[in-house]
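Observations on the three-dimensional arrangement
Here's the letter readout for the chains.
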Amino acid sequence: MDRAAQNGGRPRSEPVRVSAEYEGMPGDIARGRELARGFLARVRAVQGLAVSDRATDLVQLVVSELLTNACKYAPGPSLIDLELADDRVEVTVWDSDPVLPVAETADPGRIGRHGLEIVMAVCQSFEVRREPVGKRMRAAVRLADDRNGTAVGQPS
């Protein structure tokens, strides 16, 4: 089936993407969540795609966690890209720190440092790779839920 048929007969213009740069200033994380909300609203309105409330919450959570880590641990700016990729949103965050993050062993008694664990638990996929300068983290979140309210592609 071609994309026009999948999208109610309307061809989707490619790519659907938004990007922003943050300097690690107070309010950047909130601005990142706002960017995600606006992007998903545009996906709903302009592209005519279903975006579950759960997916909206998860994308904002992923943006918040990845951007928090970039602002907290990397000197200099960080960049975020949100891109529609078929049935999911890919959240990509670049920062200038070349150290790759590692999820710690689950410890309910630990205060803080659970962000990467959370991201890996709620995403369809997660990858991180070193770049010539810094690193790039990419997480994918499905747009729609199944009938049980579970994100499609996630364990129930």
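Note that the structure is predicted; figures quoted are calculated from it, not measured.

**Points about the overall build of the protein chain**
Summing up its helical and strand segments, the protein chain has four helices and five strands in all. Along the protein chain, helices and strands appear, N-terminal first, in the series α-β-α-α-β-β-α-β-β. When the 156 residues of the protein chain are sorted by exposure, 39% land in the buried category. Contacts spanning at least 24 positions in sequence make up 61% of the contacts within the protein chain whose residues lie at least 6 apart.

**So, the side chain of R110**
Structurally, R110 can be placed in the loop between strand 3 (88-95) and helix 4 (115-122). A distance of 3.3 Å separates a polar atom in the side chain of R110 from a polar atom in the side chain of E104. In this structure the side chain of R110 is engaged in a polar contact, spanning 3.0 Å, whose partner is the backbone oxygen of T105. Sequence-distant contacts of R110, that is, excluding residues within four places in its chain, are made with E104, T105 and E117.

**Quick word on the side chain of D95**
Positionally, D95 belongs in strand 3. A distance of 2.9 Å separates a polar atom in the side chain of D95 from the backbone nitrogen of D97. There is a polar contact of 2.8 Å between the side chain of D95 and the side chain of K135. Beyond its immediate stretch of four places on either side in the chain, D95 contacts A70, A74, P77, S78, V133, G134, K135 and M137.

**Remarks on the pattern of salt bridges**
Counting across every chain of the model gives 13 salt bridges. In this structure, the salt-bridge partner of R44 is D53, at a minimum N-O distance of 3.9 Å. Given a relative accessible area of 32%, R44 falls into the partly exposed group. What makes D53 exposed here is its relative accessible area of 61%. Sharing partners across several salt bridges, the network here consists of D87, R88, E90, R138 and R142.

Quick notes on the rules
Residues numbered from 1 in each chain as written. Predicted model: local features only at pLDDT ≥ 70, side-chain atom pairs only at ≥ 80, totals over all residues. Heavy atoms only, no water. Helix = DSSP H or I, 4+ residues; strand = E, 2+ residues; numbered from the N terminus. Buried < 20%, exposed > 50% of the residue type's maximum accessible area, 1.4 Å probe, protein only. Contact = heavy atoms within 4.5 Å. Polar contact = N/O pair within 3.5 Å; in protein donor to acceptor, adjacent residues only side chain to side chain. Salt bridge = Lys/Arg side-chain N within 4 Å of Asp/Glu carboxyl O.

Honestly, it's all geometry; don't read function into it.
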